[in-house]
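Inside the fold
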Amino acid sequence: MAPLTPEKILQTIRKAPRIPAPSQTVSRILSLTQDPNCNLNTVAELIQRDGALTVQLLRQANSALFAGAAATSNVKDACVRLGLKRVRAAIINDHIVSGLGKACPPGFNAGKYWQASLATSVAAHDLCRDVMPAVAEEAGTAGLLCDIGVGLLAYGIPEHYRPVLDELPGCLSPDLQRIERRIVGITHAEVGAAILAEWKLDPQVINAVRFHHQDDPKGEAPKDDKFCGVIAAAVTCSQIALFGSEMEVVDRLFTQVGAICPNPDAVVSKLLDHLVVHVQQTAENLAVELGETEELAANVAGLTDQLSVPSGTLSFRPMDRHNFER
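Residues numbered from 1 in each chain as written. Predicted model: local features only at pLDDT ≥ 70, side-chain atom pairs only at ≥ 80, totals over all residues. Heavy atoms only, no water.

Points about the overall build of the protein
Test applied: A run of DSSP states H or I qualifies as a helix once it reaches four residues; a run of E qualifies as a strand once it reaches two. Both are numbered from the N-terminal end. A simple rule labels every residue: compare its accessible area, found with a 1.4 Å probe on the protein chains alone, to the largest value its type can have, and call it buried under 20%, exposed over 50%, or partly exposed in between. In what follows, residue pairs with any heavy atoms lying within 4.5 Å of each other are defined as contacts. Throughout, the Shrake-Rupley method with a 1.4 Å probe supplies accessible areas, and for residues the shown protein chains are the sole cover considered.
Scanning the protein from terminus to terminus reveals 17 helices and 0 strands. Looking at the protein as a whole, 56% of its 326 residues are labelled buried. A sequence separation of at least 24 residues applies to 65% of the contacts in the protein between residues at least 6 apart. When the accessible surface of the protein is totalled, it reaches about 14,400 Å², and 52% of it is carbon and sulfur.

Below you can see the structure in the form of structure tokens.
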């Protein structure tokens with residue numbers, strides 16, 4: 001099997017029939033909602049033309065996040081309740097989940113893929129609510145999209161990407177970028193950013209997807225890009241949830257969070273306290289099948305045990321990183 005150049009890989013992915021390019025309706029909604037002053041009634045009318053989008057938006061509006069409000073079956077009411085940013089995020093997220101969820105190549109562990117994607121999305125959203133609240137919804141979307149390049153490569157060039165999957169314990173690993181660069185010559189971060197740019201998503205989301213692995217020598221974001229820093233920290237948090245709390249990874253998480261806020265101990269403790277519950281709630285909202293989540297909970301609990309913080313009392317308690325030096 002002859003190797004493919006990065007340019008040829010992107011061309012092949014663009015032409016792959018299973019790659020979920022946005023529909024005309026989704027593209028129109030994304031174009032409209034780029035304007036913060038767009039008419040929500042117009043957006044609602046477009047959503048109502050698509051049954052799947054309607055179901056997703058109503059599910060969001062009637063979720064636990066809005067538990068105090070009466071249930072609604074009216075799309076316009078749902079749009080008002082959610083607000084423009086959440087509507088936009090819901091449309092993007094539904095498109096990604098429904099598109100990539102329809103196909104699963106042999107050897108591609110879809111449950112682990114969604115656990116990692118949702119853990120990154122939740123961590124990014126929750127971190128942003130503390131340090132950059134105005135872009136929390138965008139951060140959640142960027143987190144969900146970080147590993148879209150894995151699916152694009154797995155679906156677009158399955159024969160060439162098979163050796164990458166064969167080297168992984170599941171479908172994801174902290175070593176994924178290095179394996180991809182060695183075997184196929186391009187990473188999922190590069191592929192994801194390139195395709196999302198063609199879908200005309202927000203530049204800061206595309207940039208965050210491109211640079212979400214700060215441990216990749218070719219994937220380091222500009223030092224002053226705080227949004228990229230949030231997403232990279234969320235990826236590290238997701239790695240801890242999936243693979244456990246290796247000292248090097250935990251140290252990276254505190255370093256990354258410390259670069260974007262003055263109180264990393266409190267922010268990380270709050271993040272860990274709610275991570276698994278928020279992942280489960282997000283999966284329910286998006287109708288994603290996560291599989292068993294006990295390992296996620298155990299890995300997060302393993303970190304909190306190392307920090308000698310009583311279970312269930314993490315929120316806002318300071319963490320002492322010197323515990324890791326014992």
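Description of the pattern of salt bridges
Convention followed: Here, a salt bridge means any Lys or Arg side-chain nitrogen found within 4 Å of an Asp or Glu carboxyl oxygen.
Per the stated rule, a full pass over the model turns up 12 salt bridges. Of the charged contacts, one joins Asp130 and Lys270 as a salt bridge, the two residues approaching to 3.1 Å between their closest N and O atoms. Of the two residues, Asp130 sits in helix α7 (residues 110-131) while Lys270 sits in helix α16 (residues 264-286), which places them 140 residues apart along the sequence. For Asp130, a relative accessible area of 34% gives the class partly exposed.

Some thoughts on the environment of Ala61
Secondary-structure assignment places Ala61 in helix α4 (residues 51-61). In the structure, Ala61 is positioned 26 residues away from Val87 in sequence and 9.4 Å away in space, judged by C-alpha atoms.

Some points on the packing of helix α14 (residues 226-243) against helix α15 (residues 247-258)
Packed helix pairs are specified by the crossing angle of their axes together with the interaxial distance, meaning the distance between the axes. Quick reminder of the rule: Where helices are involved, their axes are fitted lines through C-alpha atoms of the stretch in contact, as for all axes, and angles between N-to-C directions lie from 0 to 180°. Each angle receives one of four descriptions, namely roughly parallel if under 35 degrees, roughly antiparallel if over 145, roughly perpendicular if within 65 to 115, and oblique otherwise. Each crossing gets its handedness from the near helix: less than a right angle anticlockwise from the far helix is left-handed, clockwise is right-handed. Three classes are used, and their members are as follows: Ala, Val, Leu, Ile, Met, Phe, Trp, Tyr, Cys and Pro are nonpolar, Asp, Glu, Lys and Arg are charged, and the others, Gly among them, are polar.
The interhelical angle for the contact between α14 and α15, taken along N-to-C directions, is 155°, at an axis separation of 9 Å. Comparing their axes, α15 and α14 come out roughly antiparallel. As for how α14 packs across α15, the hand of that crossing is left-handed. Contacts from Ala232, Ala233, Thr236, Cys237, Gln239 and Ile240 of α14 reach α15 at Val249, Val250, Arg252, Leu253, Gln256 and Val257. Partitioned by chemical class, the residues of the contact of α14 with α15 number 8 nonpolar, 3 polar and 1 charged.

Here we look at α4
Using the following cut-off: Polar contact criterion, stated in full: a pair of N or O atoms within 3.5 Å, where within protein one must be able to donate a hydrogen and the other to accept it, and residues adjacent in sequence count only if both atoms are side-chain atoms.
Along α4, the residues that are buried comprise Leu53, Thr54, Gln56, Leu57, Leu58, Gln60 and Ala61. At the N-terminal boundary of α4, the capping side chain belongs to Asp50, with an oxygen 3.0 Å from the backbone nitrogen of Ala52.

What to know about the side chain of Thr187
Structurally, the position occupied by Thr187 is in the loop between α11 (176-183) and α12 (188-198). Accessibility expressed as a relative area gives 0% for Thr187, which makes it buried. A distance of 3.5 Å separates the side chain of Thr187 from the side chain of Gln177, its partner in a polar contact. When sequence neighbours within four positions are dropped, the list of residues in contact with Thr187 reads Leu153, Gln177, Glu180 and Arg181.

Digging into the environment of Val87
Inspection of the secondary structure assignment puts Val87 in helix α6 (residues 84-100). When its relative accessible area of 0% is taken as the criterion, Val87 is described as buried. Between the C-alpha atoms of Val87 and Gln60, which are 27 residues apart in sequence, the distance is 8.9 Å. When residues no more than four places from it in sequence are discounted, the contact partners of Val87 are Val43, Ile47, Leu57, Cys79 and Leu82.

So, the environment of Arg49
Looking at where Arg49 falls in the secondary structure, it is placed in the loop between α3 (40-48) and α4. For Arg49, a relative accessible area of 67% translates into the label exposed. Each C-alpha atom, one on Arg49 and one on Thr25, is 8.2 Å from the other, the two residues being 24 residues apart in sequence.

Points about the packing of aromatic side chains
The test is simple: A pair of Phe, Tyr and Trp rings is counted when the ring centres sit within 6.5 Å of each other, with Trp represented by its six-membered ring. The angle between the planes then sorts it: under 30 degrees is stacked, over 60 is edge-to-face, the rest tilted.
Tallying each qualifying case throughout the model produces 1 aromatic pair. Here the aromatic rings of Tyr113 and Trp114 are separated by 4.9 Å at their centres, their planes lie at 85°, and the arrangement is edge-to-face. The burial state of Tyr113 is the same as that of Trp114; both residues are buried.

Regarding the side chain of Glu180
Quick note on the threshold: Neither His nor the chain termini are counted; the positive set is Lys and Arg, and the negative set is Asp and Glu.
Structurally, Glu180 can be placed in helix α11. Despite its burial, Glu180 pairs with no opposite charge; the closest candidate is Arg181, at 7.4 Å N-O. Among the polar contacts listed, one links the side chain of Glu180 to the side chain of Tyr161, at a separation of 2.5 Å.

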